[in-house]
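Notes for the structure review
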Number of protein chains: 6
Amino acid sequence: MTSTPKLRLGLPKGSLQETTGKLFALAGYQIGFSGRTYYPSIDDSEIECVLIRAQEMARYVQQGVMDCGITGLDWVLENGAKVDELADLVAPWPNYRPVRWVLAVKEGSPFRRVQDLEGRRIATEGVGLTRAYLEKHGVTAEVEFSWGATEVKPPILADAIVDITETGHGLRANELRELDTVLVTTPRFIANRGACADPWKRAKMERLVMLLRGAINAATRVGLMMNVRRKDLDAVVKLLPALATPTISALADESWVAVNTVVEERLVRELIPQLSQAGARGLVEYPLNKIVD
Amino acid sequence: MTSTPKLRLGLPKGSLQETTGKLFALAGYQIGFSGRTYYPSIDDSEIECVLIRAQEMARYVQQGVMDCGITGLDWVLENGAKVDELADLVAPWPNYRPVRWVLAVKEGSPFRRVQDLEGRRIATEGVGLTRAYLEKHGVTAEVEFSWGATEVKPPILADAIVDITETGHGLRANELRELDTVLVTTPRFIANRGACADPWKRAKMERLVMLLRGAINAATRVGLMMNVRRKDLDAVVKLLPALATPTISALADESWVAVNTVVEERLVRELIPQLSQAGARGLVEYPLNKIVD
Amino acid sequence: MTSTPKLRLGLPKGSLQETTGKLFALAGYQIGFSGRTYYPSIDDSEIECVLIRAQEMARYVQQGVMDCGITGLDWVLENGAKVDELADLVAPWPNYRPVRWVLAVKEGSPFRRVQDLEGRRIATEGVGLTRAYLEKHGVTAEVEFSWGATEVKPPILADAIVDITETGHGLRANELRELDTVLVTTPRFIANRGACADPWKRAKMERLVMLLRGAINAATRVGLMMNVRRKDLDAVVKLLPALATPTISALADESWVAVNTVVEERLVRELIPQLSQAGARGLVEYPLNKIVD
Amino acid sequence: MTSTPKLRLGLPKGSLQETTGKLFALAGYQIGFSGRTYYPSIDDSEIECVLIRAQEMARYVQQGVMDCGITGLDWVLENGAKVDELADLVAPWPNYRPVRWVLAVKEGSPFRRVQDLEGRRIATEGVGLTRAYLEKHGVTAEVEFSWGATEVKPPILADAIVDITETGHGLRANELRELDTVLVTTPRFIANRGACADPWKRAKMERLVMLLRGAINAATRVGLMMNVRRKDLDAVVKLLPALATPTISALADESWVAVNTVVEERLVRELIPQLSQAGARGLVEYPLNKIVD
Amino acid sequence: MTSTPKLRLGLPKGSLQETTGKLFALAGYQIGFSGRTYYPSIDDSEIECVLIRAQEMARYVQQGVMDCGITGLDWVLENGAKVDELADLVAPWPNYRPVRWVLAVKEGSPFRRVQDLEGRRIATEGVGLTRAYLEKHGVTAEVEFSWGATEVKPPILADAIVDITETGHGLRANELRELDTVLVTTPRFIANRGACADPWKRAKMERLVMLLRGAINAATRVGLMMNVRRKDLDAVVKLLPALATPTISALADESWVAVNTVVEERLVRELIPQLSQAGARGLVEYPLNKIVD
Amino acid sequence: MTSTPKLRLGLPKGSLQETTGKLFALAGYQIGFSGRTYYPSIDDSEIECVLIRAQEMARYVQQGVMDCGITGLDWVLENGAKVDELADLVAPWPNYRPVRWVLAVKEGSPFRRVQDLEGRRIATEGVGLTRAYLEKHGVTAEVEFSWGATEVKPPILADAIVDITETGHGLRANELRELDTVLVTTPRFIANRGACADPWKRAKMERLVMLLRGAINAATRVGLMMNVRRKDLDAVVKLLPALATPTISALADESWVAVNTVVEERLVRELIPQLSQAGARGLVEYPLNKIVD
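A brief report on the enclosed structure follows.

Calculation notes
Residues numbered from 1 in each chain as written. Chains lettered and ligands numbered in written order. Predicted model: local features only at pLDDT ≥ 70, side-chain atom pairs only at ≥ 80, totals over all residues. Heavy atoms only, no water. Pairing = 2+ DSSP bridges. Helix = DSSP H or I, 4+ residues; strand = E, 2+ residues; numbered from the N terminus. Axes fitted to C-alpha atoms, helices over the stretch in contact; angles between N-to-C directions. Disulfide = S-S within 2.5 Å. Buried < 20%, exposed > 50% of the residue type's maximum accessible area, 1.4 Å probe, protein only. Least-squares fit on C-alpha atoms with pLDDT ≥ 70 in both. Contact = heavy atoms within 4.5 Å. Salt bridge = Lys/Arg side-chain N within 4 Å of Asp/Glu carboxyl O. Phe/Tyr/Trp six-rings, centres within 6.5 Å; stacked < 30°, edge-to-face > 60°. Lys NZ or Arg CZ within 6 Å of the ring centre and 35° of its normal.

Another point: the sheet that holds strand β16 (residues 281-286) of chain C. Taken in spatial order, the 5 strands line up as β17(A)-β16(C)-β13(C)-β15(C)-β14(C) in an open sheet, and their pairing is antiparallel. Both edges of this open sheet fall to β17 (290-292) of chain A together with β14 (247-250) of chain C, since each of them pairs with a single strand only. On average, each strand axis in the sheet is tilted by 15° relative to the strand beside it, whichever way the strands run.

Right, here's the structure in full:
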């Protein structure tokens, strides 16, 4: 039992956790987040999981305490961590969509550009990100670590903030105005450099990443099946998006063929009326679990 | 940005809201009901949504404040609204099933027919519906608007009620007896008559209705795939419901064919044992997202 | 109406109830557990349901009060019930997985084998199971019925317990040590012997069991579709699990074929990388509702 | 049993209900709002309770269906009901504080005074109140009944609204601006005129009102006890609010007296430092249940 | 530490638990029911608590595993336990009020008296209680242990039941009719007979019982203070319930006295109007924590 | 309006918030924490409140952004803030009791004393506190800021931690062993030094602190009233705790006196049996709101 090699995988505690668990389930791995433990079970005896805050993940992956982990690009940069990125896991799910760190000030305040904040106080949970950003713009300001509720600090407790937002709703609700985007971040699969150099760990991580991507691909796509007269086939196939190679199969009735393909779900609502008009019949859309090209 | 034409769509606030959101998601539209706003977002820049009570929807669609909306037939009639109906959206989901407005009295009361209520007090949320119904039957009674909890009013606060019921459970739980069905109602897609006359709005609404119907169709049907020996094919196909045209494809083993079809889910539990007996093998039922014939 | 024959079906109240409802839904039957009633509705006019505690089910099936029912093997044995078992419904869902009755003592206690409990007090909800087990091992001990919270009784309120566990977590959390497994139990479909002798009831129960099994089969399997060059077909097919007979269909492009098969979901994460390497393209995994071989 | 005279008391269903239950409990009456019944129990065999919507209460009290009831002044006026008011039950509890019906428009709209709404559409749940108010100001406008969510209707669905607000927060959150206060309302104990003329019912209602008022009085007041040297007594007593007649009792140590009084809780935080400075010692504040002067 | 004598106190797990915790808090003992532990903490180093199901309490107290405990009289009798009862803790709180075990049958069934159940099946959680009751009435019937939901068993799963009820609501909701009361039960403080013979344990239990009773007394009573002219004193005192000895203190104004007394809360609503009429002024009701006469 | 002087008061966001709101309510101030605002309302027009994280409070009070605030001693020290402490608000309520920062390591680890951690990694939210503590003990170690879940870090993610604990339960649940107490902390009322020098602000803060303390005093004490024969008075009074000066009042019956006093609630359960034995009669314990000596 002790001789099995193990991949130590850091899973993000907090806002990314729930979606991460669902992503692994879609990819074929059952993770058991039971109650309070920080050592979730996984149904793969070659993997050991540890729950780690997204903010601290890159630090522990760099140190080699973990072989790999999932965390946001923002916290990789905030920690200045020297790790390898094996995949961008951006996906259309809660907390897996792109989010932005923005520089914002109170509506009605006189600040218009980052340069106007010279000498001012900026509150943020991302002190490192903010300092790097200010330096790039040649601005000197006091950056204070914020323990939370950053968005309510201007104008009394800070002159400006650098904070995270997905849609901008939270900023507007607090009557803040964006000055600039500091960073766009998405979840990443990161790996320790030593682990990448180990052939067994490298192969293990690559298979895992292939399945995670297969699940993410399926989340945004659907299957489409339809019957088409041979004479209409060209017109129908021409409507299908270029990257989808449709599977065309013979039917018992030789004047018809069946067309089966995979398309992005967001295109379907435009595509269906067009296919129908081009002669597709018995058009059926069905869900997918995984797609590996 | 301001030059994009827009379709103003009223979504029903209240009991129909949650299912309406799911219906649109199935049809391919993401509606964001965020917290308290009455202006939900939708991922189609050509549509603007407003949440409106089902009771008031037809009024605002008639006035042209909205181009179209979803509400029950009951409230269209209650308002006497002059609007066009583009689709009956009846579906096997909560609050989208048919519901009835019934005339009911207390168990043990002497009223047997609507005529027995001459001169009596009837409480209802649908004052207009009730008056029209009484008039049709030549009965004169006092119709009082009820602010809610109508079903507990007889016999103290009213002699009879006209109230909504899906299964009749609520009536029996309150020891009420139905005298008559006043109206059967289902959710409808209604449109302003001016909007129907505008070609762009008309086409936009028709595509939307096609996708909503495609999703409703898929909700009650499933796909069935099976392999069949050529010699058994006729027997198998004969078992399939008439309206389903099965797709029959050639297999590598030429003595077999694959049969793929769509059937109503409620028939499957009878069909599967019969198909199995007729020679179908490797019978698989799978879910569908949309069906457009 | 009174002349329709009816199958009286006992559904298990308690921990098995929720999953049982979902299993029937997957099999195509809608059961309505409305609030407090013990007579759930079912959308099959030939079946009447009654909610009965799993502990009492076998008693009422044996007596013929019920024609059939679902309960654990443990309670069939505890009651010593003379009933027929038509199916083992073990499934990968909450409370439908195998669970064990174990003999356990406090960590640090001197008991090592069941024989060490001679003359001691054992608390359990399964007094009959425990007595049968002790008898088989030739041990005499006092078996006390426990009204609950059995796992906290050692060492003050009992010397040992016989209690149910799925993963052993609960035992360890209470610092208990397993001495032996008394019984492994799973949910069973049991039938009254008289009902089995009645042809109509027998056929009705067999169709029901076929659909329940079809749904359970689908819960652990998925569909896989892929396109393969004819020259790679043998290599690809060889990778597929033996019991899956793939459906191979001709494509318009004659140098390719489409392969469609059903595999156990737990194998997919190993299979996909191998299929990809063997030449499978456009690999798609999709969900299934029912499988009947 | 049937010969006991009964007082039929209407209790307000909805926002006033919970506080009404607590008020009766403080007054010494236990009302049992069990689940779904509209006929709550009360531990006084001479009273029968019915839950009635606040909007409909005055109608049923006027008709004599109820002898008395609790509802807001607003709904008494909206119904134009001819009933007697026995008490204003305003109290510092949720929904028992004064609330205002206000005329409001969207921020940024051109309307400044009620007169600017001539010919416009006003949405409100209080159609009668609003019409009376407009008439008083000589304004003609279209008043539309609103089924709810009135505050989100301007500017699309209405030009102005007449709606209820306690603090004005809700209006500001919806970016509405108040033009005028239409009515200030508080909960009232109302009685049918015939019931008031019945000596037994009259006396019963008056005792009930005395206890309800005793409980309301106690909710805003506290007891204060302190010891004072006889020489400081005048200075201390002078600080006490005029309406409180303190009880001054002799102590074993004759140079001291004990002072016990009742004061409004909101004054205590100013009073305690002053009393302490004037020589009060061992100052203790304690809670009260009822106060009847 | 090990030399401190300890009183082992069993606290009832289940329906009595929450109120028991509050009763001890009122008596001055803080019990910490933290999450899942069955060994609650108590802020008295001379007491050790164990949570035990009410059904099993008497068994463990009789065996001396516990020195004392709180459980219902019903379970003392069901177990036929030989223990001493130190107090009846009946109190006006949830689950501490008297409850009845009743014999009940389905409405409409032919059974009128216990004698009609000769040879029938009776389901109950109190098998011992029921057998003793039947024996007393000379009736022979089959008594089956019920694992729960006893009230829904007639008429299909049992002919009659013996079940617990506080108000009878549950019986009526299940359309059951009471035939007889089998037992009235209240919570009791029971003690092991050996523990009662130990002077230290005896004294410890008696002080504990005194404080529990002091808290229960206060729960149903309130303090009343009022000022009365000396000439009205007799009339006022005569109105006070006999068992309350009022404290009459001299006031600075010698023509008045202050009267302070304790009365049952349920009498207050009758008393206050009478006292007011007899000349009591500045009448104040205030809450109490404990009363020890 | 602008000329009213204002006291800017920081209220602690987070674990202290709820109890702080209740403390102010007991002291006579209603704070309105409505939903999401960070500027709670308070019913004193001379005070302005801001919600601030306990960790940041001292920083903003030192800077003069706030005049005063409530936060833990720990965060005052962590920030090294130069502020005045006006009161220790320790109280027997959730999060207002003393809590400890402790140095802890994994059970079974070789570390016994702080000196054993030389060169090791210590994770903590209190980096400043920990560095000061290590320096005092002459130990050099790497102190890493922990974003949370500190207690699960040993032994993988850290060698030791410095973390907060009230009872030690959390440490034991995570199998940690305490090496030392780093700090005992309680909530403090802190003030800006400039604000203390302003007479109006100083007086305002002192009155506020007097009322907060009055409420805290009452939370742990109760009133006791009893009647005593003059001949037993000395014996009774001798039992009362020294600091309580009882109020002894004359009764109409001159052989008795009434004794009224305030005692700590935790002493009552010992006191009542003794007072009863010494001759106290009609002993009544009652609750208090505030106590100012």
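Right, let's get into the state of the cysteines. Residue and element names in this part refer to chain C. Scanning the entire structure with this criterion turns up 0 disulfides over all chains. The thiol of Cys49 is unpaired, and the distance to the nearest cysteine sulfur, on Cys68, comes to 9.0 Å. The buried category is assigned to Cys49, whose relative accessible area is 5%.

Taken as rigid bodies, chain F and chain A are interconverted by a rotation of 180° and an axial shift of 0.0 Å, the fit giving an RMSD of 0.0 Å. The operation mapping one copy onto its partner corresponds to a two-fold rotation axis. Relative to the rotation axis, the C-alpha of Trp147(F) is the closest in chain F, positioned 4.9 Å from it. Here 100% of the interface residues in chain F have copies in chain A that are interface residues too; the copies meet face to matching face.

Most peptide bonds adopt trans geometry, and most residues besides glycine take a negative phi value. The residue after Pro154(A), namely Pro155(A), is reached through a cis peptide bond having omega 0°. One can find Pro155(A) in the loop between β9 (142-145) and β10 (160-165). Of note, Asn95(A) is a non-glycine position whose phi angle comes to about 70°, a positive value. Position of Asn95(A) among the secondary structure elements: in the loop between β6 (84-88) and β7 (99-106). The class for Asn95(A) is partly exposed, based on a relative accessible area of 35%. Phi at Glu175(C) is positive, roughly 55°, even though this residue is not glycine. Inspection of the secondary structure assignment puts Glu175(C) in the loop between α5 (169-173) and β11 (176-185). Overall, the relative accessible area of 45% leaves Glu175(C) in the partly exposed class.

Moving on, we come to the pattern of salt bridges. This structure, assessed with the given rule, holds 121 salt bridges over all chains. Note that Arg266(E) and Glu264(E) form a salt bridge whose closest N and O atoms lie 3.2 Å from each other. Exposure remark for Arg266(E): the relative accessible area of 59% places this residue in the exposed category. Here the salt bridges share partners, and the residues they tie into one network are Arg269(A), Asp43(B), Asp44(B), Glu46(B) and Lys204(B).

Let us now look at the packing of aromatic side chains. On inspection of all chains with the given rule, the structure shows 45 aromatic pairs over all chains. Ring centres of Trp75(A) and Trp147(F) lie 5.3 Å apart, and the angle between their planes is 65°; on these two criteria the pair is classed as edge-to-face. Of this pair, Trp75(A) sits in helix α3 (residues 73-78) while Trp147(F) sits in the loop between β9 (142-145) and β10 (160-165), which puts the two residues in different chains. Trp147(F) sits in the buried class, given a relative accessible area of 17%. Consider the rings of Trp147(C) and Phe145(E), whose centres lie 5.6 Å apart with planes at 80°: the pair is edge-to-face. Here the residue Trp147(C) occupies a position in the loop between β9 (142-145) and β10 (160-165), and Phe145(E) occupies one in strand β9 (residues 142-145), the pair thus bridging two chains. The ring centre of Tyr60(D) lies 5.2 Å from the NZ or CZ of Arg59(D), which sits over that ring.

Contact between chain A and chain D is absent, and the minimum C-alpha spacing across the pair is 10 Å. With respect to C-alpha atoms, chain A approaches chain E no nearer than 13 Å, and the pair has no contact.

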